Amino acid sequence: MRIPTTEDFAELETWGLVENPRAAIEDYSEERAERRWDNDRHRRAHREHDENLSPEFVADSQAYYRELERPIDRRKWEFLKRRKAWFHPPVEWGRFASPDACRILDLGCGDGDVTQRVAEFVAGRWTQAGYDGAPMEIVGVDVNESRVRNARKLTESPHEKITLTFERADATERLDFGDDFFDYALMAGLLEVLDDETFESVLDEARRVTARGLYVRDLLDEYEGLHPRPNLPETLSEYGFETVARHEVFEEPFTEEGTRDPLEVWPMNVHQVLFAENPDSPSLADRY
Ligand SMILES: C[S@@+](CC[C@H](N)C(=O)[O-])C[C@H]1O[C@@H](n2cnc3c(N)ncnc32)[C@H](O)[C@@H]1O
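In short, a report on the structure. In this text, all values refer to a predicted model and were calculated from it rather than measured experimentally.

### Description of the site of the ligand
Neighbouring the ligand are 21 residues, the closest being Lys 84, Gly 108, Asp 142, Asp 170 and Ala 188. Contacts to the ligand include Gly 108, whose backbone N or O atom sits 2.6 Å from a nitrogen atom. In the model, a nitrogen atom of the ligand is placed 3.2 Å from a nitrogen or oxygen of the Val 143 main chain. Protein chains bury 96% of the 590 Å² of accessible surface belonging to the ligand in isolation. Tallied by class, residues from the shell around the ligand come to 10 nonpolar, seven polar and four charged.

Right, here's the structure in full:
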């Protein structure tokens, strides 16, 4: 990916996410999902993905992500933060800004750009409501040390009551947090990199540390090396989380002829974005 220019940032502005952060949800249709395959750019991006696949990625994408050493320039990080807002619409994020939410986990947080957006969302809602806020801890956890380093360097709390911290930890193992420590957890692009065995261990741990609800963004298309799970709502239900909102979104907005992403970062893959809540979540008095 090249260094994004001012024009690239201006192009992202035309996607209308500031006015409508849920634009991707409205943009999706099954018909457009079919028609993607007439789009040269989509076909080319898929072909390039297949041609460039490393055997290590296909064999074990989790190990690949764990070991990837990937420093990132601030400008690229800023661009990706805004770019990825398209396919991470803030579904049910209003709950994060409620006065009784105090701790949020971003599991598999990568470089912390989604974590930063959550913090900005909460601070923005508080300000809109004329509310001074209450102490809130937002914690990003990732197994990859270099991603955690990026997140620590590049994120910044947008509000004096919000603390942003990042820890290196493997979510297939016991995390250093008590049961129901977090009100909510996000898993953005984490489950898709996990094989079935690690997927179950991560869900066990997410369940243990999260009291009230989960936000998930995950690949739905078949894409070699990753693990789409169309039955995710049913699986989450087995873990005690009932899906209350679920949407399909494209990874990027596109036209018949090509893409509206000036950097052509990804193909027009389809993802699911969902929020699932625990109907039996323990009372606040029992948790704090
Ligand atoms: C596709 S990236 C998504 C990163 C970020 N959430 C985002 O939306 O940009 C998947 C992330 O999951 C992390 N990951 C994979 N397995 C993990 C595990 N067992 N525990 C914690 N993080 C893990 C990887 O290191 C990587 O940063």
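### A word on the pairing of strand β3 (residues 162-168)
Here strand β2 (residues 136-142) pairs with β3 via seven bridges, running parallel. When the bridges of β3 are listed, Gly 140 appears paired with Phe 166. Assessed by its sense of winding, the connection that carries the chain from β2 through helix α9 (residues 145-154) to β3 is right-handed.

### Considering the packing of aromatic side chains
Within this structure, the stated rule accounts for 16 aromatic pairs. On the basis of an interplanar angle of 85° and a centroid distance of 5.6 Å, the ring pair of Tyr 64 and Tyr 65 is categorised as edge-to-face. By relative accessible area, which is 28% here, Tyr 65 ends up partly exposed. Summarising the aromatic geometry, the rings of Phe 96 and Phe 275 are spaced 6.5 Å apart at their centres and angled 50° between planes, so their arrangement reads as tilted. Note that Phe 96 is positioned in the loop between α7 (74-84) and β1 (103-107) and Phe 275 in strand β7 (residues 270-277), a separation of 179 residues in sequence. Grouping residues by exposure puts Phe 96 and Phe 275 together as buried. An aromatic cluster is defined as three or more aromatic residues linked by ring pairs; in this entry it consists of Trp 93, Phe 96, Phe 121, Tyr 184, Tyr 215 and Phe 275. In this arrangement the basic side chain of Arg 32 is found over the ring face of Phe 254, its NZ or CZ atom lying 4.2 Å from the centre. Cation over ring: Arg 103 sits above Phe 181, and NZ or CZ is 3.9 Å from the ring centre.

### A word on the side chain of Arg 103
Tracing the backbone through its elements, the reader meets Arg 103 in strand β1. Those residues in contact with Arg 103, other than ones at most four positions away along the chain, are Glu 137, Phe 181, Phe 182, Asp 183, Tyr 184 and Tyr 288.

### Some remarks on the pattern of salt bridges
Applying the stated criterion across every chain yields a total of 28 salt bridges. One salt bridge connects Glu 31 with Arg 35, and the closest N-O pair in it is separated by 2.4 Å. Of the two residues, Glu 31 and Arg 35 are both situated in helix α3 (residues 30-35); the distance of four residues between them amounts to about one turn of the helix. The exposure class of Arg 35 is partly exposed, given its relative accessible area of 30%. Glu 277 serves as the salt-bridge partner of Arg 95, at 2.8 Å between the closest nitrogen and oxygen. Of this pair, Arg 95 sits in the loop between α7 and β1 while Glu 277 sits in strand β7, and the two are 182 residues apart along the sequence.

### Structural notes on helix α8 (residues 113-128)
Across its 16 residues, α8 extends 22 Å between first and last C-alpha, which sits within 8% of the 22 Å expected from 1.5 Å per residue. Here α8 has its buried residues at Asp 113, Val 114, Thr 115, Gln 116, Arg 117, Val 118, Ala 119, Phe 121, Val 122, Ala 123 and Trp 126. Among the structural elements, α7, β1, β2, β3 and β4 (182-188) are those in contact with the buried residues of α8. Of the residues one or two after α8, Gly 130 is the one with positive phi, at around 65°.

### Considering the pairing of β7
The buried count for β7 comes to seven of eight residues, which makes it a mostly enclosed element. Here seven bridges tie strand β5 (residues 210-219) to β7, and the two strands are oriented antiparallel to one another. Bridge pairing in β7 places Leu 214 opposite Ala 276. The sheet contact formed by strand β6 (residues 242-250) and β7 spans eight bridges and is antiparallel. When the bridges of β7 are listed, Thr 243 appears paired with Ala 276.

Analysis parameters
- Residues numbered from 1 in each chain as written.
- Predicted model: local features only at pLDDT ≥ 70, side-chain atom pairs only at ≥ 80, totals over all residues.
- Heavy atoms only, no water.
- Near = heavy atom within 4 Å.
- Polar contact = N/O pair within 3.5 Å; in protein donor to acceptor, adjacent residues only side chain to side chain.
- Areas by Shrake-Rupley, 256 points an atom, 1.4 Å probe, with all protein chains shown as cover.
- Nonpolar A, V, L, I, M, F, W, Y, C, P; charged D, E, K, R; others polar.
- Pairing = 2+ DSSP bridges.
- Helix = DSSP H or I, 4+ residues; strand = E, 2+ residues; numbered from the N terminus.
- Right-handed = clockwise from strand over helix to strand, strands pointing away.
- Phe/Tyr/Trp six-rings, centres within 6.5 Å; stacked < 30°, edge-to-face > 60°.
- Buried < 20%, exposed > 50% of the residue type's maximum accessible area, 1.4 Å probe, protein only.
- Lys NZ or Arg CZ within 6 Å of the ring centre and 35° of its normal.
- Contact = heavy atoms within 4.5 Å.
- Salt bridge = Lys/Arg side-chain N within 4 Å of Asp/Glu carboxyl O.
- Expected span 1.5 Å × (residues − 1).

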